[in-house]
Amino acid sequence: MRPVGYCALLAFAAGMLLGAPVQADSLPPAISVTGEASVSVPPDLAEVEAGVTSDAKTAHDASETNNATMGKLMLALKAASIDPKDIRTSRLSLQPQNAPNRAGSPAITGYRASNHVTVRLHDVTKLASTIDMLVGAGANDIDGINFMVSQASKLLDDARTQAVADARRKAEIYAKAAGVTLGAPLSISEGGAAVPMFRAKVATAMAPTPVAPGEETLSVTVNVTWAIKPAADQ
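To start, this report covers the structure provided alongside it. (Residues numbered from 1 in each chain as written. Predicted model: local features only at pLDDT ≥ 70, side-chain atom pairs only at ≥ 80, totals over all residues. Heavy atoms only, no water.)

**Focus: the overall build of the chain**
Across its full length, the chain holds 4 helices and 8 strands. Along the chain, helices and strands appear, N-terminal first, in the series α-β-β-α-β-β-α-β-α-β-β-β. Of all 234 residues assigned to the chain, the portion counted as buried reaches 30%. Put simply, of all contacts in the chain between residues at least 6 apart along the chain, 84% involve residues at least 24 apart. Carbon and sulfur atoms provide 58% of the accessible area of the chain, an area that totals close to 14600 Å². (Helix = DSSP H or I, 4+ residues; strand = E, 2+ residues; numbered from the N terminus. Buried < 20%, exposed > 50% of the residue type's maximum accessible area, 1.4 Å probe, protein only. Contact = heavy atoms within 4.5 Å. Areas by Shrake-Rupley, 256 points an atom, 1.4 Å probe, with all protein chains shown as cover.)

Dropping the structure here:
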């Protein structure tokens, strides 16, 4: 037989594990709202992906032709004073081209070589002329343009401040309508922020190339819960 003290200890431990249910009225009275803010700015950076695609009967000929044209393209970028660190290879491929053959395996009819580079520009106004220059140097594939905001983090921080102010404005309206006083914030969480980048697809390049960067909108939402107390306690 176990000692009485041991049984009493077990009973105490079980009581601690089970605990008492949390009552809804034990939670502090509060108001929860969502604040929003956004800022629109013109992009100050741009990236363009351009390249050369060459077809030939043999893999060697396709690669040779492609390399020769890409060499001219790289020289043109150098002549345009594009910093080498702003040029990176984004795609490089050499693939066989097949003709459909219902009788058996597809027959290889030739080869396609492709080489693409992504060029970053720190002056958005030079984007159109850069595309025209790339096409003139032999680029026959312009895949797309990315417009970016270099100071996106700072701009988002400004939007966060505005979002909290917006949340407080809404909370004060609810508090006044409910006849209570707004207290200190109990919790603050960010609902989401826009990716600071605008993407535009360019299907073809024509001289002069029309480019419209527009504006980038950065948005933030913040969820804030404020404690409240009766207005008479103010």
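**Topic: helix 3 (residues 127-136)**
Turning to helix 3, its buried residues number three or more, namely Leu127, Thr130, Ile131 and Leu134. One side of helix 3 holds all its buried residues, which, seen down the axis, span an arc of 100°. The elements touched by buried residues of helix 3 are strand 2 (45-56), helix 2 (59-79), strand 4 (107-121) and strand 5 (141-148). Gly138 lies just past helix 3 and shows a positive phi near 125°. (Arc of directions from axis to C-beta.)

**Considerations on the environment of Ile108**
Mapped onto the secondary structure, Ile108 falls in strand 4. Along the primary structure Ile108 and Thr58 are separated by 50 residues, whereas in three dimensions their C-alpha atoms are 9.8 Å apart.

**Some details on the pattern of salt bridges**
Under the counting rule described, the total for this entry stands at 11 salt bridges. With a closest N to O distance of 3.3 Å, Arg91 and Glu49 form a salt bridge. With Arg91 in strand 3 (residues 87-99) and Glu49 in strand 2, this residue pair connects regions lying 42 residues apart in the sequence. Looking at Arg91, the relative accessible area reads 40%, which means it is partly exposed. Ionic pairing is found between Lys154 and Asp158, a salt bridge with its closest N-O pair at 3.6 Å. One end of the pair, Lys154, and the other, Asp158, are both in helix 4 (residues 152-178), 4 residues apart, so they sit about a helical turn from each other. The structure contains a network of salt bridges with shared partners spanning Glu47, Arg88 and Arg120. (Salt bridge = Lys/Arg side-chain N within 4 Å of Asp/Glu carboxyl O.)

**Quick word on the pairing of strand 4**
Put simply, side chains in a regular strand alternate between the two faces of the sheet. Where strand 2 and strand 4 come together, 11 bridges link them in antiparallel fashion. Bridge pairing links Glu49 to Thr118 in strand 4. Pairing analysis gives 12 bridges linking strand 3 to strand 4, with the strands arranged antiparallel. Among the inter-strand pairings, Gln95 is bridged to a residue of strand 4, identified as Arg112. (Pairing = 2+ DSSP bridges.)

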